[in-house]
Amino acid sequence: MTAFNYPDQFDVIVIGGGHAGCEAALAAARLGAKTLLLTQDLDTIAAMSCNPSIGGVGKGQLVREIDALGGEMAKATDISMLSCHMLNTSKGAAVRSPRAQCDKKMYQAAMKHALERQPGLRVLQDEAAAILTKAGRATGVATARGTRYASRTVVLTAGTFLRGLIHIGLDTFPGGRYNHPPSALLSKSLAGLGFKLGRLKTGTPMRLHARSLDLSKCERQAPDSPAEPFSHFTAKIQNPLLPCWLTRTNAATAAAIKAGLHRSPLYSGKINSTGPRYCPSIEDKVVKFPHHGAHHLFLEPEGFNTEEYYVNGLSTSLPEETQEEIVRSVPGLEKAEIMRPGYAIEYDYCDPSQLDYNLETRPVPGLFMAGQVNGTTGYEEAAGQGLIAGVNAALKALGKAPLILRRDEAYLGVMIDDLVSKGVDEPYRIFTSRAEYRLMLRSDNADLRLAPRGFELGLLNPALRRNFEGYKTAVETLLAGGKPEPLPRGPWKLSKARATAAIEKTYAIYIERNRKEAERMKKFEHLRIPEDFDYPAVKALPNEARHKLAKNKPGTLAQAGRIPGVTPADIQLLWVLLEKRRREAD
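Here goes a summary of the coordinates provided. (Residues numbered from 1 in each chain as written. Predicted model: local features only at pLDDT ≥ 70, side-chain atom pairs only at ≥ 80, totals over all residues. Heavy atoms only, no water.)

## Topic: the pattern of salt bridges
To keep things clear, this is the line we draw: When a carboxyl oxygen of Asp or Glu lies within 4 Å of a side-chain nitrogen of Lys or Arg, that pair is called a salt bridge. We count a stretch as a helix when DSSP gives it H or I for four or more residues in a row; a strand needs E for two or more, and each element gets its number in order from the N terminus. Burial classes follow relative accessibility: with a 1.4 Å probe on protein chains only, a residue under 20% of its type's maximum area counts as buried, one over 50% as exposed, and anything between as partly exposed.
Taken as a whole, this structure holds 40 salt bridges when the rule is applied. One salt bridge connects Asp-348 with Arg-199, and the closest N-O pair in it is separated by 3.0 Å. Residue Asp-348 is located in strand β18 (residues 343-350), and its partner Arg-199 is located in strand β12 (residues 197-209); the two are separated by 149 residues in the primary sequence. Looking at Arg-199, the relative accessible area reads 26%, which means it is partly exposed. Ionic pairing is found between Arg-407 and Glu-436, a salt bridge with its closest N-O pair at 2.9 Å. Taken together, the residues span a long stretch of sequence, with Arg-407 in the loop between α9 (379-397) and α10 (411-422) and Glu-436 in the loop between α10 and α11 (446-457) at a distance of 29 residues.

Structure follows, in structure tokens:
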């Protein structure tokens, strides 16, 4: 193969056209960086390989934050929405989270069109084969066709494609998703650059034909009415929304699963990697929770113009004939026709403790990573990382300071801090329970928290700033007991200002407590721990703390305090030692 050096140079090259790659490429280009997106297949940009849904507990907050920073996910969700719910409405405001079912093809088309319309962004179909470096820094990408593209920074968003291996029963075959080839070369390139790689696993359920379902035996799950848009910039959902349906497994389902376990890749030893704890396969549910006689299954349409239904709760990698038996044991699915079988997929990931907080890799400066390559699971987690990685790759290429969000500022900050300071030993998923300041990080106030950053960076349309500033002033006026002025024309309305102010008033005491705690922790955020700090030499620390601190190498005292197994007493001791070291240095 003859190598070809592309004559132009880019500021940012994004590898991968999934949810992380799309947000990374759009963000970089919107900041004025000359950007190239490389993807194996233009027709699978933003593909919803698993559930065609966006949002959920914690995830919904992430999507609102992405939107407040100028991302595209919420807008594509609103365009393609076919059902929606606000979760946890009977609980406190901190855990209320939006979730929507999408028409997966409409979602893909909306995202692909956004990429194609974006000035400064080139989208190209080719397979990245290697990260190019010079003097230890990323300088571009070599592709499988032999083309070499030069760039100042690179963002890797490989999803599940790094040496992806699909399992259905005892049959295995390479794939990044079903019927799509894996990326077989990039893992070798990353290992050669000194990255620590591991293997993770995820899975997906079968898809069923609508004509084979007896929905009269299922419970109807009506969408919210009126539908609440995800994006701050969507005035109204235009699509006619559809219901989803609820049914349950039973003893016959469990019996079919147990009878097929000897041919399960999970229980026959073919799969050794770790899967997502919070989204287990149906075989895991039956084996690990035998006291549960039934498990909920949600039948969710995959689009307005398709007869495929997604079976939420029935992820499996059992043989196809066992999948048929399982499905037909469920009320309403007795005559179900499987259109696509469920499967599991194993793939390589890079330990995220090798990242800095701007998502730049430590082993190779100029190389950024986002999404499942960092050990996360979920479209929303991937998109959030993609946006931050794309922004920071562009800022680095343009010689500007990075965007780093704290845990008290955003779920984006919580997720990235968790990944960098703790690493992962299983696929990471965001939850409201991970955010200690979740009452401050609600879905309704994502714009108040992050839109100012979006305007400052240039990710949001400056023509909307006057409307936003009026909205912000209205919330402040309402909290002070005054009457707000009419807002300048734009997407932000007084009705939302009143709703947000009402929540702030209801939880004022607890929000203030959160703010004081966040202020107290800020001093620890600024107390840096030298990279050469010798934890094993601190004999006063317990063995567990010494081991975990040496392994994770936290950058600050606050990060050290968030490592499981490190106690407040350990932090107090480290603080004393760091202050002593600082005085001696002075």
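## Points about the sheet that holds strand β5 (residues 97-102)
Filter applied, for reference: Strand pairing follows a simple DSSP-based rule, namely that at least 2 bridges must link the two strands. Axis lines are fitted through C-alpha atoms, for helices just across the contact stretch, and the angle between N-to-C directions can take any value from 0 to 180 degrees. The criterion used for residue contact is that any of the two residues' heavy atoms lie within 4.5 Å.
Overall, antiparallel pairing links the three strands, which are arranged β3-β5-β4 in an open sheet. Two strands close off the open sheet at either side, each with one partner strand: β3 (53-55) and β4 (81-87). Across the sheet, the mean angle from the axis of one strand to that of its neighbour is 15 degrees, orientation sign disregarded. Direction of pairing for β4 relative to β5: antiparallel, over a ladder of six bridges. When the sheet's bridge partners are listed, Cys-84 is paired in β5 with Ala-100. Each of β3, β4 and β5 touches helix α3 (residues 73-80); the most contacted strand, β4, lies at about 120 degrees to it.

## Thoughts on the environment of Lys-34
With respect to the helices and strands, Lys-34 occurs in the loop between α1 (19-30) and β2 (35-39). In the structure, Lys-34 is positioned 220 residues away from Ala-254 in sequence and 54 Å away in space, judged by C-alpha atoms. Beyond its immediate stretch of four places on either side in the chain, Lys-34 contacts Asp-8, Gln-9, Phe-10, Asp-11, Val-12 and Gly-120.

## Section: the pairing of strand β8 (residues 137-143)
Burial runs high along β8: five of the seven residues are buried. In sequence, strand β7 (residues 128-134) turns back onto β8 through a hairpin of two residues, with Ala-135 there showing a positive phi of about 55 degrees. As paired elements, β8 and strand β9 (residues 147-156) share three bridges and run antiparallel to each other. Bridge pairing links Gly-140 to Ala-150 in β9. Count of turn residues in the β8/β9 antiparallel hairpin: three residues, of which Gly-146 carries a positive phi of about 95 degrees.

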